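Letter by letter, the chains look like this.
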Amino acid sequence: MNGDPTDAQDIIPRVDKLARSVSNSWNSLSTSPSLAFHPPQLRRPSTVTKPLKPFETKNIKVLLLENVNKTGQDLLREQGYIVEALKTSLPEDQLIEKIRDVHVVGIRSKTRLTAKVLREARNLIVIGAFCIGTNQVDLEFAAENGITVFNSPFSNSRSVAELTIAEIIMLSRQAGDRSNELHNGTWNKVSAGCWEVRGKTLGIIGYGHIGSQLSVLAETMGMGVVYYDVLTMMAMGTARQLPSLEKVLAEADFITLHVPELPETKNMIGEKQFSQMKDGSYLINNSRGTVVDIPSLINASRSGKLAGAALDVYPNEPGGNGDYFNNDLNTWTTDLRSLKNIILTPHIGGSTEEAQSAIGAEVGHALVSYVNEGSTTGAVNMPEVSVRTTEPNLARVLFIHQNVPGVLRKVNTILADYNIERQKSESRGKVAYLMLEVSGAGEQEIATLYKELESVQACIRTRVLY
Ligand SMILES: NC(=O)c1ccc[n+]([C@@H]2O[C@H](COP(=O)([O-])OP(=O)(O)OC[C@H]3O[C@@H](n4cnc5c(N)ncnc54)[C@H](O)[C@@H]3O)[C@@H](O)[C@H]2O)c1
Ligand SMILES: O=C(O)CC[C@@H](O)C(=O)O
């Protein structure tokens, strides 16, 4: 990352340097910025052969995939980081090649950052998921290897809720089919099986950010709302929480899914659940493709049990744009395309200018704040720690370590001769994060301190900002 080839043999004795901008509002340290860290798989005592030096911001390498919004890209470029932005995700082999060298990676929903991929990402310190879902990242492996993950928990929620409202009306009026027919030259003016949504019941599965926002919008259109959530959630307006999925399925005219991808939500709606729905009901899935068993949906649609469906997400989605649905992306793609009154959209629920720009700003700021200051506020897999200071001439130590007894004692022994100005520590599962600032340490002392901290058995990753 300092321009040397990142050969594992070379890295072991090397103290890496990362950039720290002096010219941005996130930078609370006014001293010459510098940062050192050691890659996770090199977590063992090593000899620091090069002294720590203040470093250049241009040494931070960022890889952005999946067309991350310009707001986010600009924010990172303004820091002086070297940013490579690609429009698509990458197949695993190409991803592994690219990710080897970078300190920051930004993705959306298509890039799978598995343990296999992350193991190769020896310089990676942080992942930005420029979306809500983080199911595409092995969060536990990342945390246990000192890689912090950020997302944007609600910047696109409104966009998803609005799309869902549009789909409820479009399905209820069979407007998608009528539009397709007219595109093909056929005038087909019918009212049979077309309904107003006023007075109908919407069943929301997963009453979080999106589900609860949708609840408010649906009530303003005169719909009744019932919902199911594993947690007890405060009802918006006159909505009612029901005690089971089955009860919501039995009562609602429209079912809409807003749960995360989890082992418990896989095929949450299958043959049995379709049989529990009202005849002639509608299903909308704008959450994750694994939540609905597609062959069961095809059966329910063909049998007339379902009067319509809208799908924005699929168990298997392509990494970029193209004519994938012509080429049987999944075994059932052709069957799905042949169904009546089914709206198929290419995972665009959160794809609005407003949402993407807000996500770019939110995740971009979180990445800068982590790289430049070590702040994990809002991280999805790390203990949340941040320290704000305006004092000059401090060295900030960031120490991610295994959450085992005795570590703080060892660290404080190492630091015994320094004046610790402040110290914060938090744990989360198997990982703990200690952030502290010392005054009066020169470059040589910092190099020694770094070396000693890094040799603590439980150390996962340490960086020193000065
Ligand atoms: N189509 C898109 O473009 C798009 C955009 C944004 C989000 N999403 C997806 O939508 C999901 C929901 O988003 P959100 O922001 O509302 O998330 P959220 O975390 O705010 O809410 C999810 C809710 O689901 C509940 N839940 C979890 N497991 C459940 C289960 N087994 N049964 C019932 N309820 C359960 C949770 O308790 C929570 O209240 C995201 O995880 C993401 O995968 C899709
Ligand atoms: O933009 C995307 O690719 C994902 C959108 C959505 O599914 C999310 O999780 O926020």
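Please read these numbers as outputs of a predicted model, since none were measured by experiment. (Residues numbered from 1 in each chain as written. Chains lettered and ligands numbered in written order. Predicted model: local features only at pLDDT ≥ 70, side-chain atom pairs only at ≥ 80, totals over all residues. Heavy atoms only, no water.)

1. Here we look at the domain arrangement of the protein chain
A common way to report how large an interface is uses the accessible area buried once the components associate. In terms of domains, the protein chain is made up of domain 1 (15-154 + 355-465) and domain 2 (157-344). Here the C-alpha centroids of domain 1 and domain 2 sit 40 Å apart. Taken residue by residue, the interface counts 11 residues in domain 1 and 10 residues in domain 2. Approximately 790 Å² of surface area, both sides summed, lies buried where domain 1 meets domain 2, with 47% of it carried by carbon and sulfur atoms. Its largest share of buried area at the contact with domain 2, domain 1 owes to Lys110, Asn135 and Phe154, together 54% of the area lost on that side. One can count 1 salt bridge joining domain 1 with domain 2. Of the charged contacts, one joins Glu317 and Lys110 as a salt bridge, the two residues approaching to 3.0 Å between their closest N and O atoms. The interface formed by domain 1 and domain 2 includes 5 residue pairs in polar contact (both at pLDDT 80 or more). Residues of the side of domain 1 that touches domain 2, tallied by class, amount to 4 nonpolar, 5 polar and 2 charged. (Domains from an automatic or database assignment. Contact = heavy atoms within 4.5 Å. Buried area = accessible area lost by both parts, 1.4 Å probe. Salt bridge = Lys/Arg side-chain N within 4 Å of Asp/Glu carboxyl O. Polar contact = N/O pair within 3.5 Å; in protein donor to acceptor, adjacent residues only side chain to side chain. Nonpolar A, V, L, I, M, F, W, Y, C, P; charged D, E, K, R; others polar.)

2. Quick word on the UniProt feature "domain: ACT" (unreviewed entry) in the protein chain
As annotated by UniProt and renumbered to match this structure, "domain: ACT" (unreviewed entry) occupies residues 396-466. Helix and strand shares over residues 396-466 are 28% and 46% respectively, and the end C-alpha atoms of the span are 6 Å apart. (UniProt positions renumbered as here; feature names shortened; annotations may be inferred. Helix = DSSP H or I, 4+ residues; strand = E, 2+ residues; numbered from the N terminus.)

3. A closer look at the pairing of strand E10 (residues 281-285)
Most of E10 sits inside the fold, with 5 of its 5 residues counted as buried. Burial along E10 is two-sided: Ser281, Leu283 and Asn285 facing one way and Tyr282 and Ile284 facing the other are all buried. Both strand E9 (residues 254-257) and E10 contribute to a ladder of 4 bridges, which runs parallel. Note on E10: the bridge partner recorded for Phe254 is Tyr282. Between the parallel elements E9 and E10, the chain passes through helix H10 (residues 271-276) in a crossover that is right-handed. Pairing geometry for E10 and strand E11 (residues 306-311), over 5 bridges, is parallel. Counterpart to Tyr282 in the pairing with E11 is Gly308. (Buried < 20%, exposed > 50% of the residue type's maximum accessible area, 1.4 Å probe, protein only. Pairing = 2+ DSSP bridges. Right-handed = clockwise from strand over helix to strand, strands pointing away.)

4. Overview of the site of ligand 1
Taken together, 27 residues are adjacent to ligand 1, and His209, Ile210, Asp229, Asn286 and Asp312 come closest. Contact between ligand 1 and Asn286: a nitrogen atom at 3.0 Å from a main-chain N or O atom of the residue. In the complex, 88% of the free accessible area of ligand 1, which totals 850 Å², lies under the protein chains. (Near = heavy atom within 4 Å. Areas by Shrake-Rupley, 256 points an atom, 1.4 Å probe, with all protein chains shown as cover.)

5. Details of the site of ligand 2
Around ligand 2, a shell composed of Arg108, Ser109, Cys131, Ile132, Gly133, Asn156, Arg288 and His347 is seen. One of the backbone N or O atoms of Ile132 is found 2.5 Å from an oxygen atom in ligand 2. Within the contact set of ligand 2, an oxygen atom lies 2.7 Å away from a side-chain nitrogen or oxygen of Arg288. Within the complex, 90% of the 290 Å² of free accessible area of ligand 2 lies under protein. Across the shell around ligand 2, the residue classes tally to 2 nonpolar, 4 polar and 2 charged.

6. Digging into the pattern of salt bridges
Side chains that differ in sign of charge can pair as their charged atoms come close. Counted according to the given criterion, the structure contains 18 salt bridges. Put simply, Lys61 and Asp101 hold a salt bridge, and the shortest N to O gap is 2.7 Å. You can see Lys61 sitting in strand E1 (residues 61-64) and its partner Asp101 sitting in the loop between helix H3 (92-99) and strand E3 (104-107), a full 40 residues away along the chain. Arg198 is the partner of Glu196 in a salt bridge, and the nearest nitrogen-oxygen pair spans 2.9 Å.

7. Quick notes on the sheet that holds strand E15 (residues 431-439)
Hydrogen bonds between backbone atoms are what pair the strands of a sheet, whose relative direction is either parallel or antiparallel. In spatial order, the strands read E14-E15-E13-E16; together these 4 strands make up an open sheet with antiparallel pairing. At either end of the open sheet lies a strand with only one pairing partner, and these are strand E14 (419-428) and strand E16 (459-465). Between one strand axis and the next, the sheet turns through 10 degrees on average, direction left out of account. Here strand E13 (residues 394-402) pairs with E15 via 9 bridges, running antiparallel. Pairing of His401 across the sheet is with Ala432, part of E15. Strands in contact with helix H13 (residues 353-373) are E13, E15 and E16; relative to E16, the strand with the most contacts, it is inclined by about 85 degrees. Packed on one face of the sheet, helix H14 (residues 407-414) meets E13, E14 and E15 and runs near 150 degrees to E13. (Axes fitted to C-alpha atoms, helices over the stretch in contact; angles between N-to-C directions.)

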